Amino acid sequence: MKRQLLVASLLMLFIPWAGLQFVLELDDALRQQAGEQLRLQAKRLAETAGDALIGQSPVTSDEPAIYVDTLNRSLNLDGYPDDWPGYEEGAANEKGPVSAPISGEGETSQPALTWQAASDGRHLYLLIRISNRQPVMYDPGNPDAAHDRLLLWLKPPSDTVDEAVGQQIWLIRTTAPGTFYAVNGGDGASGKASLRPDYRVTGSWQSTRSGWQLELQMPAPPPGSRLGFGARWTEQGQQAGVSTAMDPLPVLVRPNRALERQLEPQLNPGQRVQVLEPAGWVSAQQQVSAEQTRPEFDQLSPLEVTEQISLNALRALIRFYQPEPAQALDAGHQLTPEAQPSEGLVRHSDGSTWLLTTEPVFGGRTLILKQSLDQLLTLSGSALGSVIARSTLIIVGLTLVLLGYASWLSCASPDCSGRSAPVLTTTAGLSAPYPPPAPTMNSANCNATSARWWIACMATTATWRAFPGACPTS
């Protein structure tokens, strides 16, 4: 009986195994269905983005660009980058945040230009750093003397119809580190700058161990504007310096808030959308957080804790049998569209897994739509996973009970005590258990029998009293 119960209990384990196979097939079917729904949703979002971007020139890879971060606050114009987005706490000023080198690349002994741009919607902020160059300050008493200066060029968008709005030029120079105001006009040559200050363009100039840097604020240019800047100085009687691209000037690329507001209502919880320019710049990005409430551990019962552990183990098992995700870049302001997978499972640098699909947008742009698998779970939600986890726990518990009952029965049988019943050997060489002879019924046997089988003994005693002699005394 022990072996029979053991085999029966082990056969019951095929039930959760069959349930797991069902879940794996269901997971694959749901993932394919979710991918198809994601593609249809990406097409709708691409149409919305295409309609919103009509009239805006795409940023191609063959033209220079300056990416403008988004700020939710104003910056402190002190000449240091500690309050800029992306700045690492404790980093030296020379290290700075994300920057874009233009000249002196790979030549540490040559002056180099790096920058970062940000905007709060009203103002444009620039952090410009010149390395490997100790500055020579401006002397108001001798304006023709050599000194370091910075020039800014701003060109309006190409679709501007106002002919009076042309290219603007600002000159920045200072007599000492600290606050400055730019002046209008001039070509940067000594003594040829206008003396009309423009108090809208202001900031702070600071010296660093390897050069100098400045932080400035100016009115935010309209979308599609082009902005360039360059540092100028005199070396051995010759004009020298470093600058951004000049022909054409870099185009300002900033997130399209109007487009992001249009895309947000069409997203489901746990989804992320990105719109990339042909050059890979992220022109729009929106994400809807997953609405997940984690239960408090102190408020869970022991059974619920066990269920949560089983559910997490089941999720890990499902992920183990899923296809291997491709690696996808998700950080930074510029992504290479060709390097991104067109569809399927992808893994981010933080280890999260997403279901991805791409769709072309008007102007050669690309829309990337992702669905978090943590939200989808591809298990038909947590309800099905909870049911399977509970059924697995019940079956395992029932199996243990049956095994324990089989062990108790085996120990209660005569084989557990080591006694064996008499065996009758036949002439045919077969053996069979031979029952012991029935003992002679008397008072002592009857009393001993009543200690184990009291019901039978009561019946025998009643018969003996009613019919004396039926139970002999000797």
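Predicted model, so just to flag it, every value in this text is computed and none were measured.

The rules behind the values
- Residues numbered from 1 in each chain as written.
- Predicted model: local features only at pLDDT ≥ 70, side-chain atom pairs only at ≥ 80, totals over all residues.
- Heavy atoms only, no water.
- Core = buried A, V, L, I, M, F, W, Y, C linked by side-chain atoms within 4.5 Å.
- Buried < 20%, exposed > 50% of the residue type's maximum accessible area, 1.4 Å probe, protein only.
- Contact = heavy atoms within 4.5 Å.
- Phe/Tyr/Trp six-rings, centres within 6.5 Å; stacked < 30°, edge-to-face > 60°.
- Helix = DSSP H or I, 4+ residues; strand = E, 2+ residues; numbered from the N terminus.
- Lys NZ or Arg CZ within 6 Å of the ring centre and 35° of its normal.
- pLDDT = per-residue confidence, 0-100.
- Patch = residues over 30% accessible without salt bridge, like charges linked within 9 Å, V, L, I, M, F, W, Y side chains within 5 Å.
- Areas by Shrake-Rupley, 256 points an atom, 1.4 Å probe, with all protein chains shown as cover.
- Salt bridge = Lys/Arg side-chain N within 4 Å of Asp/Glu carboxyl O.

K.L.:
Lay out the nonpolar core with the relevant residues and their values.
P.N.:
Counting 28 residues, the largest nonpolar core has Ile128, Leu152, Ile172, Leu214 and Leu216 as its most contacted members. For Leu216, the contacting residues outside a window of four places in its chain are Leu77, Leu124, Tyr125, Leu126, Ile128, Leu150, Leu152, Ile172, Phe180, Thr202 and Gly203. Counting residues in each nonpolar core, the second largest holds 19 residues, with Ala34, Leu263, Leu345 and Leu369 among its members.

K.L.:
Account for the packing of aromatic side chains, naming residues and giving values.
P.N.:
Within the structure shown, the criterion is met by 4 aromatic pairs. Here the aromatic rings of Trp115 and Phe229 are separated by 5.6 Å at their centres, their planes lie at 85 degrees, and the arrangement is edge-to-face. Of this pair, Trp115 sits in strand E2 (residues 112-119) while Phe229 sits in strand E9 (residues 226-235), placing them 114 residues apart in sequence. Under the relative-accessibility criterion, Trp115 is labelled buried at 8%. The exposure class assigned to Phe229 is buried, which follows from its relative accessible area of 0%. Between Trp205 and Trp212, the aromatic rings sit 4.4 Å apart at their centres with planes inclined by 10 degrees, giving stacked as the arrangement. Classification of Trp205 as buried rests on a relative accessible area of 1%. The side chain of Arg173 reaches across the aromatic face of Tyr138, ending 3.9 Å from its centre.

K.L.:
Can you break down the environment of Gly35 residue by residue, with the values?
P.N.:
With respect to the helices, strands and loops of the structure, Gly35 is situated in helix H2 (residues 14-52). For the pair Gly35 and Leu356, spaced 321 residues apart in sequence, the C-alpha separation works out to 7.8 Å.

K.L.:
A description of the confidence of the model for the protein chain should follow, citing residues and the corresponding values.
P.N.:
Taken as a whole, the protein chain shows an average pLDDT of 76; of its residues, 67% reach a score of 70 or greater. This model gives residues 89-107 a pLDDT under 50, and the stretch forms 44 contacts once residues within four places in sequence are excluded. A low-confidence stretch, residues 187-193 (pLDDT under 50), is modelled with 16 contacts involving residues beyond four sequence positions or located in other chains.

K.L.:
Tell me about a nonpolar patch on the surface, and name the residues and values.
P.N.:
Among the surface-exposed residues, Val7, Leu11, Phe14 and Trp17 lie close enough to one another that they form a single nonpolar patch of about 450 Å² accessible area. Mapped onto the nonpolar patch, the elements with two or more residues apiece are helix H1 (2-12) and H2. Here Leu11 lies in helix H1.

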